[in-house]
Amino acid sequence: MAELQRIGVVGAGQMGAGIAHVSALAGYDVVVFDVSHERALQGIGGITANLDRQLAGGKITAGERDAALSRITAADGVGDLAEADLVIEAATEDEAVKRRIFAQVCDVLRPEALLATNTSSISITRLAASTDRPERFLGIHFMNPVPVMKLVELVRGIATADETYETARAYVARLGKAMTVSEDFPAFIVNRILMPMINEAIYTLYEGVGSVENIDASMRLGANHPMGPLQLADFIGLDTCLSIMQVLHDGLSDSKYRPCPLLVKYVEAGWLGRKTGRGFYDYRGETPVPTR
């Protein structure tokens, strides 16, 4: 089994930065690649802020923070991924975008390097087939926010080699994460269950059964959920929720996975949740206010 030392992360957004964060804390050297060097540096700025919060909360020491930051570098081009032992793609949930990234990355990776995707729903087998290394490809699906959430889903494609899988298991264990293994079916385990629930909550709003506040309060107080489904959808990103529902609907051909028209409308409006300032709640003031 290969021993990983250097991790490449493609995407410096919330998920990619989180993966880089926990990898560096676990002692890996990490290089972060995005569409520009500036974007990668911005991602590292976010990691620094999150590490500082962990330090202030007593979760890590100053030495651990400084050591982690010393291990993270911003790529100044895809060539900086050439020495990575494992590259994890954490870009937007769009298959065409992911395929373009894999084509770029495979051009510079060493033949023995592993490639993984953080996709939350797209077929691992199909993505692997678009690369030059399907045997060395698998899904490593982190939960958001990565430094806080304990779970990682591992997903093998039909071609994923045993050695690739075992190396990924060792990597996740070194991060201190809990691990589940999912078969390569649309949306895997977590989102196969979670997203239809969120979609049904949106239908409940769409059909006038309850207001945003009442739906979220019902699930928080009546089902002991830590946050309501509409609040959670805003946190995840309504565009990501819609993409996953579309993957489920297309992949399983079952009408129960049809995305709610209200979810489609919000995405068309650019109201994607927290990241854009508006979703099912308006976040532009001091306190979030329901938009319906």
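The preceding data block contains the structure.
Values in this document were obtained by computation on a predicted structure and should not be read as measured data.

Asks: Whenever I open this one, the overall build of the chain confuses me. Can you help?
Replies: For the chain, the helix and strand inventory stands at 11 helices and 10 strands. Taking 19 Å as the expected radius of gyration for a compact globule of 292 residues, we find that the chain reaches 19 Å, a close match to that expectation. Summarising its shape, the C-alpha atoms of the chain cover approximately 55 × 45 × 30 Å along the three principal directions. Looking at the chain residue by residue over its 292 residues, the buried ones come to 47%.

Asks: Help me out: how do you make sense of the pattern of salt bridges in this one?
Replies: Any two side chains of opposite charge can pair, on the condition that their charged atoms come close. A full pass over the atoms with the stated rule returns 14 salt bridges. One salt bridge connects Arg110 with Asp85, and the closest N-O pair in it is separated by 2.8 Å. Placement of the pair is Arg110 in the loop between α4 (95-106) and β5 (114-117) and Asp85 in the loop between β3 (72-74) and β4 (86-89), with a sequence separation of 25 residues. Classification of Asp85 as buried rests on a relative accessible area of 18%. In this structure, the salt-bridge partner of Lys275 is Asp239, at a minimum N-O distance of 2.9 Å. Taken together, the residues Lys275 in the loop between α11 (261-269) and β9 (281-282) and Asp239 in helix α10 (residues 238-252) connect sequence positions 36 residues apart. Assessed through its relative accessible area of 22%, Asp239 is described here as partly exposed. Taken together, the shared-partner salt bridges in this structure form one network comprising Asp52, Arg65 and Asp66.

Asks: Looking at this structure, how should I read the packing of helix α7 (residues 190-206) against α10?
Replies: Think of two packed helices as two axes; the pair is described by the angle between the axes and how far apart they sit. Viewed as axis vectors pointing N to C, α7 and α10 meet at an angle of 110 degrees, and their least axial separation amounts to 10 Å. The orientation of α7 with respect to α10, classified from their angle, is roughly perpendicular. Every pair of crossing elements has a handedness; the one defined by α7 and α10 is left-handed. Touching Asn191, Arg192, Met195, Pro196 and Asn199 of α7 are Cys241, Ile244, Met245, Leu248 and Leu252, all from α10.

Asks: What is the right way to look at unusual backbone geometry in this model?
Replies: Both trends apply: most residues other than glycine have a negative phi, and most peptide bonds are in trans. Of note, the bond from Asn144 into Pro145 is cis; its omega dihedral lies within 30 degrees of zero at 0 degrees. Tracing the backbone through its elements, the reader meets Pro145 in the loop between β6 (137-142) and β7 (151-156). If you check the backbone angles, Phe188 has positive phi at about 60 degrees while not being a glycine. With respect to the secondary-structure elements, Phe188 resides in the loop between β8 (178-182) and α7. Phe188 gets classed as buried once you look at its relative accessible area, which sits at 5%. Phi angles above zero are rare outside glycine, and Asn224 is one such case at about 65 degrees. Structurally, Asn224 is set in the loop between α8 (212-222) and α9 (229-236). Of the residues examined, Asn224 reaches a relative accessible area of 69% and is grouped as exposed.

Asks: It is not clear to me how helix α1 (residues 14-25) should be interpreted in this structure. Could you clarify?
Replies: It helps to recall that an α-helix has 3.6 residues per turn; residues three or four apart then point in one direction. Taking 1.5 Å of rise per residue, the 12 residues of α1 would be expected to cover 16 Å, and the 17 Å separating its terminal C-alpha atoms lies within 8% of that figure. Taken across its 12 residues, α1 has 10 buried, putting it largely inside the fold. When α1 is considered as a whole, its buried residues turn out to be Met15, Gly16, Ala17, Gly18, Ile19, Ala20, His21, Val22, Ser23 and Ala24. Gly27 occupies a position one or two residues after α1 and carries a positive phi of about 100 degrees.

What counts as what
Residues numbered from 1 in each chain as written. Predicted model: local features only at pLDDT ≥ 70, side-chain atom pairs only at ≥ 80, totals over all residues. Heavy atoms only, no water. Helix = DSSP H or I, 4+ residues; strand = E, 2+ residues; numbered from the N terminus. Rg over C-alpha atoms; globule rule 2.2 N^0.38 Å. Buried < 20%, exposed > 50% of the residue type's maximum accessible area, 1.4 Å probe, protein only. Salt bridge = Lys/Arg side-chain N within 4 Å of Asp/Glu carboxyl O. Axes fitted to C-alpha atoms, helices over the stretch in contact; angles between N-to-C directions. Parallel < 35°, antiparallel > 145°, perpendicular 65-115°, else oblique. Left-handed = near helix turned anticlockwise from the far one by under 90°. Contact = heavy atoms within 4.5 Å. Expected span 1.5 Å × (residues − 1).

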